[in-house]
Amino acid sequence: MASTPNGLARIETHGAKTKKHENGICHDDSSAPVRAQTIDELHSLQRKRSAPTTPIKDGASSPFAAALSEEERQRQQLQSISASLASLTRETGPKVVRGDPARKGEAAAKGAPSPHPQPVHHHHPHVTPTIAVSDSSLKFTHVLYNLSPAELYEQAIKYEKGSFITSTGALATLSGAKTGRSPRDKRIVKDEASAQELWWGKGSPNIEMDEHTFLTNRERAVDYLNSLDKVFVNDQFLNWDTENRIKVRIISARAYHSLFMHNMCIRPTEEELEEFGTPDFTIYNAGQFPCNRYTHYMTSSTSVDINLARREMVILGTQYAGEMKKGLFGVMHYLMPRRGILSLHSGCNMGKQGDVALFFGLSGTGKTTLSTDHNRLLIGDDEHCWSDTGVSNIEGGCYAKCIDLSQEKEPDICNAIKFGTVLENVVFDEHTREVDYTDKSVTENTRAAYPIEYIPNAKIPCVGPHPKNVILLACDAFGVLPPVSKLNLPQTMYHFISGYTALVAGTEDGIKEPQATFSACFGAAFIMLHPTKYAAMLAEKMQKYGATGWLVNTGWSGGRYGVGKRIRLPYTRKIIDAIHSGELLTANYKKTEVFGLEIPTEIDGVPSEILDPINTWTDKGAYKETLLKLAGLFKKNFEVFANYKIGGDSSLTDKILAAGPNF
Ligand SMILES: Nc1ncnc2c1ncn2[C@@H]1O[C@H](COP(=O)(O)OP(=O)(O)OP(=O)(O)O)[C@@H](O)[C@H]1O
Ligand SMILES: O=C([O-])CC(=O)C(=O)O
Ligand SMILES: [Ca+2]
Ligand SMILES: [Mn+2]
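Cut-offs applied
- Residues numbered from 1 in each chain as written.
- Chains lettered and ligands numbered in written order.
- Predicted model: local features only at pLDDT ≥ 70, side-chain atom pairs only at ≥ 80, totals over all residues.
- Heavy atoms only, no water.
- Helix = DSSP H or I, 4+ residues; strand = E, 2+ residues; numbered from the N terminus.
- Buried < 20%, exposed > 50% of the residue type's maximum accessible area, 1.4 Å probe, protein only.
- Contact = heavy atoms within 4.5 Å.
- Donors = N, O, S within 2.8 Å, 3.2 Å for Na, K, Ca; no water.
- Near = heavy atom within 4 Å.
- Polar contact = N/O pair within 3.5 Å; in protein donor to acceptor, adjacent residues only side chain to side chain.
- Areas by Shrake-Rupley, 256 points an atom, 1.4 Å probe, with all protein chains shown as cover.
- Pairing = 2+ DSSP bridges.
- Axes fitted to C-alpha atoms, helices over the stretch in contact; angles between N-to-C directions.
- Parallel < 35°, antiparallel > 145°, perpendicular 65-115°, else oblique.
- Left-handed = near helix turned anticlockwise from the far one by under 90°.
- Nonpolar A, V, L, I, M, F, W, Y, C, P; charged D, E, K, R; others polar.
- Core = buried A, V, L, I, M, F, W, Y, C linked by side-chain atoms within 4.5 Å.
- Domains from an automatic or database assignment.
- Patch = residues over 30% accessible without salt bridge, like charges linked within 9 Å, V, L, I, M, F, W, Y side chains within 5 Å.
- Salt bridge = Lys/Arg side-chain N within 4 Å of Asp/Glu carboxyl O.
- Buried area = accessible area lost by both parts, 1.4 Å probe.
- pLDDT = per-residue confidence, 0-100.
- Disulfide = S-S within 2.5 Å.

Attention now moves to the overall build of the protein. Helix and strand counts for the protein come out as 15 helices and 33 strands. Within the protein, the fraction of its 663 residues that count as buried is 53%. Expressed as a percentage of contacts within the protein between residues at least 6 apart in sequence, the contacts between residues at least 24 apart total 73%.

Attention now goes to the coordination of the manganese ion (ligand 4). Within the protein, the manganese ion (ligand 4) binds to Lys326 (NZ), His345 (NE2), Asp382 (OD) and Asp382 (OD); these donor distances fall in the range 2.2 to 2.8 Å. Site description for the manganese ion (ligand 4): donor spacing in sequence, K-x18-H-x36-D. Between the manganese ion (ligand 4) and the calcium ion (ligand 3) the interatomic distance amounts to 4.8 Å. Here the residue lysine 326 occupies a position in helix H8 (residues 322-335), and aspartate 382 occupies one in the loop between strand E16 (377-380) and strand E17 (384-387), the gap between them amounting to 56 residues. Both residues of the pair, lysine 326 and aspartate 382, count as buried.

Around ligand 1, a shell composed of 20 residues is seen, among which Ser363, Lys367, Thr368, Glu410 and Arg447 lie nearest. The contact in question runs from an oxygen atom of ligand 1 to an N or O atom on the side chain of serine 363, over 2.5 Å. In the environment of ligand 1, an oxygen atom lies 2.7 Å from a nitrogen or oxygen atom belonging to the side chain of arginine 447. Coverage of ligand 1 by the protein amounts to 90% of the 650 Å² it exposes when considered alone.

A few words on the sheet that holds strand E4 (residues 164-165). Taken together, the 5 strands give an open sheet; going across it, the order is E4-E5-E20-E23-E19, and neighbouring strands pair in mixed fashion. On the outer flanks of this sheet lie E4 and strand E19 (397-401), each paired with one strand and no other. Across 2 bridges, the pairing between E4 and strand E5 (residues 171-173) is antiparallel. Bridging across to E5, isoleucine 165 finds its partner in leucine 171.

Moving on: the packing of helix H3 (residues 149-159) against helix H6 (residues 255-264). At a minimum axis distance of 9 Å, the contact between H3 and H6 shows a crossing angle of 155 degrees. Viewed along their axes, H3 and H6 adopt a mutual orientation that is roughly antiparallel. Here H3 and H6 pass one another in a crossing that is left-handed. Residues Pro149, Leu152, Tyr153, Gln155 and Ala156 of H3 pack against Ala255, Ser258, Leu259 and His262 of H6. When grouped by side-chain class, the residues that make up the contact of H3 with H6 number 6 nonpolar, 3 polar and no charged.

Our focus in this paragraph is the site of ligand 2. Near ligand 2 you find Arg181, Tyr320, Lys325, Lys326, His345, Ser363, Asp382, Tyr399, Arg447 and Phe526, and these make up its full shell. A distance of 2.7 Å separates an oxygen atom of ligand 2 from a polar side-chain atom of tyrosine 320. In isolation ligand 2 offers 260 Å² of accessible surface; the protein chains occlude 94% of this area. When grouped by side-chain class, the residues that make up the shell around ligand 2 number 3 nonpolar, 2 polar and 5 charged.

Below, the discussion takes up the nonpolar core. Grouped together as the largest cluster of nonpolar side chains are 125 residues, with contacts concentrated most on Ile283, Leu423, Tyr450, Met528 and Phe595. In terms of domain composition, this core takes at least three residues from each of domain 2 (180-339) and domain 3 (346-381 + 466-658). Not counting the four nearest positions on each side in its chain, methionine 528 is found in contact with Ile188, Leu198, Trp199, Asn206, Ile306, Leu308, Gly330, Val331, His333, Tyr334 and Tyr534. In this structure, Val143, Val189, Val222 and Met298 belong to the second largest nonpolar core, which totals 29 residues.

The 4 strands are arranged E13-E17-E18-E24 in an open sheet whose pairing can be described as antiparallel. Looking at the sheet topology across the chains shown, the edges are occupied by strand E13 (342-344) and strand E24 (463-464). The pairing of E17 with strand E18 (residues 390-393) spans 4 bridges and is classified as antiparallel. Across the sheet, serine 387 pairs through a bridge with glycine 390, a residue of E18.

Residues Val34, Leu42 and Leu45 make up a contiguous nonpolar surface patch of roughly 260 Å² in combined accessible area. Position of valine 34 relative to the elements: it lies in the segment before helix H1 (39-46). A relative accessible area of 53% places valine 34 in the exposed class.

We note that the domain assignment places domain 1 (69-145), domain 2 (180-339) and domain 3 (346-381 + 466-658) within the protein. Taken together, the contacts link 19 residues of domain 1 with 23 residues of domain 2. Contact between domain 1 and domain 2 buries roughly 1,800 Å² in total, counting both sides, with carbon and sulfur atoms accounting for 51%. Inspection of the region where domain 1 meets domain 2 yields 1 salt bridge. The salt bridge partner of arginine 90 is aspartate 223, with a shortest N-O separation of 2.6 Å. Counting the contacts that link domain 1 with domain 2 gives 17 residue pairs in polar contact (both at pLDDT 80 or more). When residues of the side of domain 1 that touches domain 2 are traced back to their parent elements, those giving at least two are helix H2 (63-85) and strand E3 (140-145). The element that contributes the greatest number of residues to the side of domain 1 that touches domain 2 is E3, accounting for 6 residues.

Another point: the confidence of the model for the protein. Looking at the protein as a whole, the pLDDT averages 90, with 87% of positions reaching at least 70. Low confidence marks residues 15-19, where pLDDT is under 50. Its contacts with residues over four positions away, or in another chain, come to 2 contacts. Overall, residues 107-116 carries pLDDT values under 50, and its contacts beyond four positions in sequence, including any with other chains, amount to 15 contacts. Interface predicted TM-score (ipTM) for the complex: 0.98; the corresponding pTM is 0.90.

Before going further, it helps to examine the state of the cysteines. Considering all chains together, one arrives at 0 disulfides under this definition. There is no disulfide at cysteine 402, and the cysteine sulfur nearest it, in cysteine 414, is 8.5 Å away. Accessibility expressed as a relative area gives 0% for cysteine 402, which makes it buried. No disulfide involves cysteine 521; its nearest neighbouring cysteine sulfur is the one of cysteine 385, lying 14 Å away.

A separate point is H6. In terms of residue burial, H6 counts as a mostly covered element, since 10 of its 10 residues are buried. Taken together, the buried positions of H6 are occupied by Ala255, Tyr256, His257, Ser258, Leu259, Phe260, Met261, His262, Asn263 and Met264.

The next thing to look at is the pattern of salt bridges. Counted under the stated rule, the structure contains 19 salt bridges. Residues arginine 218 and glutamate 312 are paired through a salt bridge, measuring 2.9 Å at the closest nitrogen-oxygen approach. Residue arginine 218 is located in helix H5 (residues 211-227), and its partner glutamate 312 is located in strand E12 (residues 312-316); the two are separated by 94 residues in the primary sequence. Taking the relative accessible area as the measure of exposure, arginine 218 reaches 2% and is therefore buried. Linked by salt bridges that have partners in common, Lys325, Lys326, Asp382, Glu383 and Glu395 make up one network.

Now the structure itself:
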């Protein structure tokens, strides 16, 4: 066939004869046809089978033996998942099978070993399997095991309403009716052991439930999950400190949940997955299904239940993925202190010289924003452990707030919102799929969950040496706390136990009164033991390793909310830079009234007048009044801790009490 100068084949008509047209049929393509007889066969060529994950071991080097061992491994894995999903009361079921139910039979075209892998039944030992059978034991539940982000995207887009690919490649999704955690629906099983060990009563986040009620909810979740065609199973790790790593299994009904946990937990390598075995902790996420209000203890249709003895968590009636993340964090707050390891609701980063900083703070105070720093290595943004060997991140990903996100102010977080990232509850243009980060139509708590390696200067593995600086973040909407203060150890303890922030409740209709929040250890919702236990550990570690405490107000300046403004992020970044560099250790200080805080008089790149908040208020009387009001709230909050001994030493408690506001 002749070609025109521009490379297009000339279309020949009227039976123009060339030697190539042997039987009078005109072929207009010159490349060889695909090697497929049918469309199905063609499609089967597209996907190459993943290599078996078991490497051929020495002594079993015949391909036949390797194939067998891979099959055996898969059988054991399914057995383990079947055991996880088993009812505690029925004798048979569930039948679990690997793979997507939508792809039944497809594998045959590829010559896969078996188009329908052997189902695995769960049998309780020593019982006749004919009693107490349900229909669910006659059906298959397909297990989608540790799927890749690409596979999870396809599942989400195909089956979960509200799933879309944004213009930067992230998976936009909706978390349903709940767009935040439900702390009042979180319950912990109170048995003999936990009654002794945990913090119960006034101020504690641990709301009790009994073992029987837990089992009722667990059965409800398991039955729901088994009634589905397919469930997602993630086997992953928590804690980059390999000596203290926890194996977690998450069983969920949504690709969104599976991808969220894929990003947020530590992703095992293929070899690690082979050796995974039995998980240390299992989550049953049946969030689409409500709990039963006739069940004892249930006060709403949501229930998030933790049973430490069984090492299980059950989620009913909320699809907010943060429940899984923070539920596991609670478990770490129980497990780690038993090993002498302090668990922390903090961000963490490290300078090029190896200086580590921790960033404590309640939600929205800046842990993620300030630990994500282009000049430093990110160890993690939210959950850490501090052991005798240093710090380690608990998670494998970050969970950034997205409201008002901008490329200019937070470039690293913006750039992390790409293929693989879960974007929760954001609003986007229906055609261009460009996200409008200022839109709060669904919620103000819009979030991005991405693997930590999406931040270019992530420190992997996410571990580091002992911290040099401990930064306590508060977003003070009253506008009276200084932008930065240097703390002595009793002051650090006082502010750590207080866990103060004041955000503004509703920012939409007019001026609202700032709301003071006190949350012990900057994470009262997640701690399991009495706050003084964690505080004592922090004091001991800070003293032992010579860390300096700082209080940084990322909130208002120039007046309270409605009058002043939030401190500009570039100024806060300069303040943080001066802490990291050591500049602030040798600065000149003066002491504030009432709170008795040491504040620097000068910082490179920050206007000096803002360093003492009184300078920024035009109404000095209003300043003093607001200062005293906040100090009063601190005092009142601390009353409950006044009689608690910290460590073995009651003089430490007196010192801490004296480190609070004085007026
Ligand atoms: N001066 C400032 N310092 C820090 N953050 C600021 C400042 N001004 C505005 N912000 C905004 O405040 C928010 C801080 O949220 P961030 O995600 O860091 O919270 P977080 O402490 O990590 O909370 P969570 O535990 O809920 O994840 C960001 O949206 C950030 O852009
Ligand atoms: O858990 C969440 O939903 C978000 C978070 O990090 C927090 O609240 O501390
Ligand atoms: Ca965060
Ligand atoms: Mn958090």
